[in-house]
Amino acid sequence: MRLGALLYVMVPFLFFIASVYLLLHMVFARLVSAPGSPVLWFFGVVTGPLTRPVRALLPRGTAEPRV
């Protein structure tokens, strides 16, 4: 019973957090123009596990905003 309740609460929460971080990454990628920015590095690290599978399906050399 506890495992079911935990999954019922945690899975939607994790999807929500992931979507918020992806949205913030897209916003800051457009606002920050410095390629070596620590803000872009942070969002790249946080959203990396989410975008890595998508990047594997796209052709090589696809631009970051396109991913």
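Just above sits the structure.
What counts, and where the lines are drawn
Residues numbered from 1 in each chain as written. Predicted model: local features only at pLDDT ≥ 70, side-chain atom pairs only at ≥ 80, totals over all residues. Heavy atoms only, no water. Axes fitted to C-alpha atoms, helices over the stretch in contact; angles between N-to-C directions. Helix = DSSP H or I, 4+ residues; strand = E, 2+ residues; numbered from the N terminus. Parallel < 35°, antiparallel > 145°, perpendicular 65-115°, else oblique. Left-handed = near helix turned anticlockwise from the far one by under 90°. Contact = heavy atoms within 4.5 Å. Nonpolar A, V, L, I, M, F, W, Y, C, P; charged D, E, K, R; others polar. Expected span 1.5 Å × (residues − 1). Bend = angle between axes of the 7 residues up to and from the residue. Buried < 20%, exposed > 50% of the residue type's maximum accessible area, 1.4 Å probe, protein only. Polar contact = N/O pair within 3.5 Å; in protein donor to acceptor, adjacent residues only side chain to side chain. Phe/Tyr/Trp six-rings, centres within 6.5 Å; stacked < 30°, edge-to-face > 60°.

> Can you explain the packing of helix α1 (residues 2-31) against helix α2 (residues 38-57)? Please cite residues and give values.
As a packed pair, α1 and α2 sit with axes 9 Å apart at the nearest point and diverge in direction by 135 degrees. Viewed along their axes, α1 and α2 adopt a mutual orientation that is oblique. Along this stretch, α1 crosses α2, giving a crossing that reads as left-handed. Each of Ala 18, Tyr 21, Leu 22, Leu 24, His 25, Phe 28 and Ala 29 in α1 lies in contact with α2, whose residues at this interface are Val 39, Leu 40, Phe 42, Phe 43, Gly 44, Val 46, Thr 47, Leu 50 and Thr 51. Grouping the amino acids of the contact of α1 with α2 by side-chain chemistry returns 12 nonpolar, 4 polar and no charged.

> I'd like to hear about α2, residue by residue, with values.
Under the 1.5 Å per step criterion, the end-to-end length of α2 is 27 Å for 20 residues, consistent within 8% with the ideal 28 Å. Roughly 65 degrees is the biggest bend found in α2, and it falls at Gly 48, with proline Pro 49 one to four residues downstream. What α2 keeps buried is the set Leu 40, Phe 43, Thr 47, Gly 48 and Thr 51. The secondary structure elements touched by the buried residues of α2 are α1. If you check the start of α2, you find a side-chain oxygen 3.2 Å away from the backbone N of Val 39, and it comes from Ser 37.

> Before we move on, can you summarise the packing of aromatic side chains with the specific residues and values?
Taken as a whole, this structure holds 4 aromatic pairs when the rule is applied. For the pair Tyr 21 and Phe 43, a centre-to-centre distance of 6.4 Å together with 55 degrees between the ring planes defines the contact as tilted. Of this pair, Tyr 21 sits in helix α1 while Phe 43 sits in helix α2, and the two are 22 residues apart along the sequence. The exposure class of Tyr 21 is partly exposed, given its relative accessible area of 30%. A ring pair is formed by Phe 28 and Phe 43, whose centres lie 5.5 Å apart and whose planes are at 15 degrees; its orientation type is stacked. On the criterion of sequence distance, the pair formed by Phe 28 in helix α1 and Phe 43 in helix α2 is long-range, its members being 15 residues apart. By the ring-pair criterion, three or more aromatic residues cluster together here, those being Tyr 21, Phe 28, Phe 42 and Phe 43.

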